[in-house]
Amino acid sequence: MAGNNPNSTPMNLTLKVWRQKNANTPGQLVTYKVNEISPDMSFLEMFDVLNEDLLRQGQEPIAFDHDCREGICGMCSMYINGRAHGPEKGTTTCQLHMRKFKDGDTIVVEPWRANAFTVHKDLSVDRSALDRIQQAGGYVSVNTGGVPDANEIPIPKSIADKAFDAATCIQCGACVAACKNASAMLFLSAKVSQLAMLPQGKVERKTRVENMLAQHDAEGFGSCTNIGSCAAECPVGISLENIAMLNREYIMAKATSDNIG
Amino acid sequence: MSWFTKALSSTIGRKLLVAITGLFLCSFLVVHLIGNLQLFSNDEGVAFNAYTYFMTHNPLIRAMEIILLIGFVLHIYEAWTLSRRNQSARSVKYAVNKLEENSAWSSRNMGLLGTVIFIFLLVHLYNFYFKLKFGELGLDAAGNKNLYAITIEAFSHWWYVALYVISMIALALHLIHGFQSAFQTLGLNHKKYTPAIKAFGYFFSIVVCAGFAAMPLYFFFLY
Ligand code: HEM
Ligand code: SF4
Ligand code: FES
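Computed from a prediction, not measured in an experiment: that's the story for all the values here.

A. Broad picture of the coordination of the iron atom of ligand 1. Residue and element names in this part refer to chain B. Coordination sphere of the iron atom of ligand 1, protein contribution only: His-75 (NE2) and His-174 (NE2), at 2.0 Å. Here the iron atom of ligand 1 is ringed by six donor atoms whose angles at the metal span 87 to 179°, and the overall shape comes out octahedral. With His-75 in helix α4 (residues 59-87) and His-174 in helix α8 (residues 158-185), this residue pair connects regions lying 99 residues apart in the sequence. Of the two residues, His-75 and His-174, neither departs from the other in class, the shared state being buried.

Written as structure tokens, this is what we have:
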């Protein structure tokens, strides 16, 4: 399956796609054939072709999440042949090209699976649990005054770069989907360390990590056992160093914050 | 619940306890291994039995024994609680899941490896610790309880030797992931130190477990 298709001969593929009417109905894998797929298409374009076929046959098209289709919004999901966003490293599903597959391949496509996520319909998954973690503290409060000048507070380049690396997290949830424990620690750690590294974020760093971890746990995500599937599957390369930093932030916050509740 | 117990029952808090107790247990392994090297001293067990006498009569060692027990209980309880939570965080499994393409087997099977170690511990404690404390043991030439004789007896059975060797392989795999993982959990992940921690953890796991496994093999094949 992982073999490349170097020439541009169109491919015929068998797809096994998870179909599920809504969150309360059990779903199952349904087999479809797609023909004449160009290796230059993206995985989502291949799904567009399949959906047009289904519409022509009077069947319900497959629901799947997507928006920007250029790897920046984090909407596209899909667990493809046992891997989050498919077999290629460092890509979202919208950036995955069909040349990664061979003519005659069978491709199994499932939604992100975690109890903290719910399947809306087919491959479309509710990831609002991640939003709620973010809302629990993933911000910097600016309560009054005018807009501060940019560059008013000097930040060393190395720190700015590290914070920026953490800030590239697109909240796609691939880390949760790929984690054996369905833990959202990589996501959480990116958000916590991004702000903990910057002077503006340091003000609320203790309550932030306490509240965000409490929300993470309340949503029913698992704990991190340092397996590393998350970082291996993350499309933007968020590193496990962030999880170590999250742990440090948490220890420091719990040991020194005013929160004794 | 106070802030303290709350912190320790969060996902990170429990993991910290697993890491701290795990590293403590690693230090125990070193002491246990060095002590047991007396088994190789080829003196009909006099040195080993004298060492056993010391270990069972020194008050400091007796106090450490209780701390060790607490370490084991905490490690197993916290690891078990976390594993249960993690298993129930995904009720509907994937039809196809290729975790072997993005992670190491041992890292995904810490609970299974730990269970093998746990079963081993029960058998091991029954056969040595329990017999030493409560069984009728003969005395050796120096007048010490002859645990050496029990050791020879135990390791004359192939299945007993097999259990030990398999368990030490499980322990090695548990530690190859666990040793370096504990530092990550404690917040130490730095490009200056992490490669050395990983290398040392690998070396430590192999040497310690090979050392333990050598004992039953020695008595079975060479004694
Ligand atoms: C006796 C039964 C045991 C069980 C059931 C058990 C189980 C576990 C589990 C489930 C984990 C967490 C998984 C993970 O972090 O990836 C773990 C971690 C660990 N265990 Fe054990 N274990 C046992 C014995 C031991 C022993 C005897 C040692 C060492 C002498 C040990 C050392 C460690 C270490 C260092 C970690 C890593 C902690 C971390 O990742 O933060 N374990 N164990
Ligand atoms: S850490 Fe990576 S995999 Fe997880 S949500 Fe952010 S971008 Fe996606
Ligand atoms: S659709 Fe926006 S990242 Fe894929």
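B. Looking closely at the domain arrangement of chain A. All names here are of chain A. Looking at chain A, the domain boundaries give domain 1 (11-120) and domain 2 (128-142 + 153-256). Taking only C-alpha atoms into account, the centre of domain 1 sits 28 Å from that of domain 2. Facing the 17 residues of domain 1 at the interface are 17 residues of domain 2. Contact between domain 1 and domain 2 buries roughly 1300 Å² in total, counting both sides, with carbon and sulfur atoms accounting for 58%. Our count for the contact surface shared by domain 1 and domain 2 stands at one salt bridge. The partner of Arg-83 in a salt bridge is Glu-233, with the nearest N and O atoms 2.5 Å apart. Counting every contact that joins domain 1 to domain 2 gives three residue pairs in polar contact (both at pLDDT 80 or more).

C. Just the site of ligand 2, in detail. In the neighbourhood of ligand 2, 13 residues make up the surrounding shell, with A:Cys169, A:Cys172, A:Gly173, A:Cys175 and A:Cys234 lying closest. For the shell around ligand 2, the class distribution of residues is 11 nonpolar, two polar and no charged.

D. Here's a closer look at the interface of chain B and chain A. The partner chain A presents 49 residues to the 37 residues of chain B that form the contact. Regarding the contact of chain B and chain A, the summed buried area is about 3600 Å², with carbon and sulfur atoms giving 50% of it. Here chain B is connected to chain A by one salt bridge. Our enumeration of links across chain B and chain A arrives at 32 residue pairs in polar contact (both at pLDDT 80 or more). Contributions of two or more residues to the side of chain B that touches chain A are made by α1 (3-8), α2 (11-36), α4, α5 (105-108) and α8 of chain B. By residue class, the composition of the side of chain B that touches chain A is 13 nonpolar, 16 polar and eight charged.

Reading the values: rules and limits
Per chain, the residues get numbers from 1 upward, laid out in the order the sequence is written. Following the order in which they are written, the chains are lettered starting with A and the ligands numbered starting with 1. Local features in this predicted model are restricted to residues of pLDDT 70 or higher, and side-chain atom pairs are both shown and tallied only at a pLDDT of 80 or more, whereas totals for entire chains, interfaces and linings draw on every residue. The side-chain figures draw on all heavy atoms in the structure; neither hydrogens nor water molecules are used. Coordination here is defined by N, O and S atoms within 2.8 Å of the metal (3.2 Å for Na, K and Ca), and since water is not considered, a site can look incomplete. When four donors show all angles between 85 and 135 degrees the site is tetrahedral, when four or six donors have opposite pairs over 155 degrees and all other angles between 65 and 115 it is square planar or octahedral respectively, and in every other case it is irregular. Secondary structure elements are defined from DSSP: runs of H or I of at least 4 residues count as helices, runs of E of at least 2 residues count as strands, and each element is numbered from the N terminus. Any residue under 20% of the maximum accessible area for its type is buried, any over 50% is exposed, and the rest in between are partly exposed; the area is computed with a 1.4 Å probe on protein chains only. Domain boundaries shown here were taken from an automatic or database domain assignment. Should any heavy atoms of two residues lie within 4.5 Å, those residues are counted as being in contact. Using a 1.4 Å probe, buried area is obtained as the accessible area two parts lose upon being combined, added over both of them. Note on definitions: salt bridges are taken to be side-chain nitrogens of Lys or Arg within 4 Å of carboxyl oxygens of Asp or Glu. Throughout this description, a polar contact denotes any pair of N or O atoms lying within 3.5 Å of each other; where both atoms belong to protein, one of them has to be capable of donating a hydrogen while the other can accept it, and for residues adjacent in sequence the pair is counted only when both atoms sit in side chains. If a single non-hydrogen atom of a residue is within 4 Å of a molecule or strand, that residue counts as near it. Under the grouping applied here, Gly and all other residues not named as nonpolar or charged are polar, the nonpolar ones being Ala, Val, Leu, Ile, Met, Phe, Trp, Tyr, Cys and Pro and the charged ones Asp, Glu, Lys and Arg.

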